[in-house]
Amino acid sequence: MENCAMSESALSSPAPEIGVAVFLLKGNKVLLGRRRSSMGHNTFAVPGGHLEFGESFEECAARELMEETGLAIENIEFLTATNNVFSDAGKPVHLVVVFMRAVLADPDQLPQNLEPDKCYGWDWYNWNNLPEPLIQPIESVVRTGFDPFPAHEKQ
Ligand SMILES: Nc1nc2c([nH]c(=O)n2[C@H]2C[C@H](O)[C@@H](COP(=O)(O)OP(=O)(O)OP(=O)(O)O)O2)c(=O)[nH]1
Ligand SMILES: [Mg+2]
């Protein structure tokens, strides 16, 4: 009975999703891929995924980068977080996205598309010439003038 009541309340008030999205920086470029996943289908997004129970943001960022691209990263830092409620392909979505930045542990590493069911492929894009459309939370944060680069590296 108790289990039954719990799942009913979970159904009537679904929890927001927590995503960790990682801006991997290389010079003035960032790594983006066009999504095959249902959420944000066909939009460009950075590597990342859902925060797992007990995980730090930095652990999640390193794990997702390794799982999705095979890249080892370092200097992983928190940037900002967004809280967006919107509609995606007719479905309501409530997303808390934690944006991180990082750099390659070895600058010669090349990204691999290790989850081809979720992404069409990874490529480096100049920050001043980002592809479109961007996934909604990135689009909205970029529109506010946000950029992921350390202040001292801006020219
Ligand atoms: N990867 C990624 N996710 C993003 C970005 N912006 C954004 O809102 N998200 C959201 C979409 C998802 O609802 C959530 C988790 O990301 P995901 O869809 O890539 O999750 P995933 O399948 O790789 O991860 P998992 O469930 O296997 O852990 O974060 C972004 O730029 N990159
Ligand atoms: Mg992902």
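It should be noted that the structure appears before, not after, this text.
Sequence order sets the numbering: in each chain, residues are counted from 1 along the sequence as written. As a convention, the first chain written is A and the first ligand written is 1, with the rest following in written order. In view of the model being predicted, local features appear only for residues whose pLDDT reaches at least 70, and side-chain atom pairs are presented and counted only at 80 or more, with totals across whole chains, interfaces and linings using the full set of residues. Computation of side-chain values covers all heavy atoms of the structure but excludes hydrogens and water.

## Some points on the site of ligand 1
Being near a molecule or strand, for a residue, means having at least one of its heavy atoms within 4 Å of it. Taken together, 19 residues lie around ligand 1, and Glu 17, Arg 35, Val 46, His 50 and Glu 68 are the ones closest in. Per-residue and other accessible areas were derived by the Shrake-Rupley procedure at a 1.4 Å probe size, with only the shown protein chains allowed to occlude residues. Calculation on ligand 1 without its partners gives an accessible area of 610 Å², and the protein chains cover 87% of this total. Among the elements of the structure, β1 (17-26), β4 (48-50), α2 (57-69), β6 (91-104) and α3 (136-143) are those that each provide at least two residues to the shell around ligand 1. Classifying every residue of the shell around ligand 1 gives 10 nonpolar, 4 polar and 5 charged. Helix and strand definitions follow DSSP, with helices as H or I runs of at least four residues and strands as E runs of at least two, each counted in order from the N terminus. The residue classification treats Ala, Val, Leu, Ile, Met, Phe, Trp, Tyr, Cys and Pro as nonpolar and Asp, Glu, Lys and Arg as charged. All others, Gly included, are polar.

## With respect to the environment of Ala 89
Tracing the sequence through the fold places Ala 89 in the loop between β5 (73-88) and β6. For Ala 89, a relative accessible area of 75% translates into the label exposed. Ala 89 sits 48 residues away from His 41 along the chain, and the two C-alpha atoms are 8.7 Å apart. A simple rule labels every residue: compare its accessible area, found with a 1.4 Å probe on the protein chains alone, to the largest value its type can have, and call it buried under 20%, exposed over 50%, or partly exposed in between.

## Re the coordination of the magnesium ion (ligand 2)
The donor set covers N, O and S atoms within 2.8 Å of the metal, switching to 3.2 Å for Na, K and Ca, and it leaves out water, so a site may look short of donors. Around the magnesium ion (ligand 2), the donor atoms from the protein are Gly 48 (O) and Glu 68 (OE), and they sit 2.1 to 2.2 Å away. Of this pair, Gly 48 sits in strand β4 while Glu 68 sits in helix α2, placing them 20 residues apart in sequence. Each member of the pair, Gly 48 as well as Glu 68, carries the same accessibility label: buried.

## Regarding the packing of aromatic side chains
Working definition: a ring pair exists when centres of Phe, Tyr or Trp rings (six-membered ring for Trp) sit within 6.5 Å. Plane angles under 30 degrees give stacked, over 60 give edge-to-face, the rest tilted. For the structure on display, the rule yields 7 aromatic pairs. Arranged with centres 5.8 Å apart and planes meeting at 45°, the rings of Phe 23 and Phe 146 form a pair that is tilted. Here Phe 23 is found in strand β1, whereas its partner Phe 146 is found in the segment after α3, with 123 residues between them in sequence. The pair Phe 23 / Phe 146 is uniform in exposure class, with both members buried. One aromatic cluster in this structure is built from Phe 23, Phe 99, Trp 127, Phe 146 and Phe 149.

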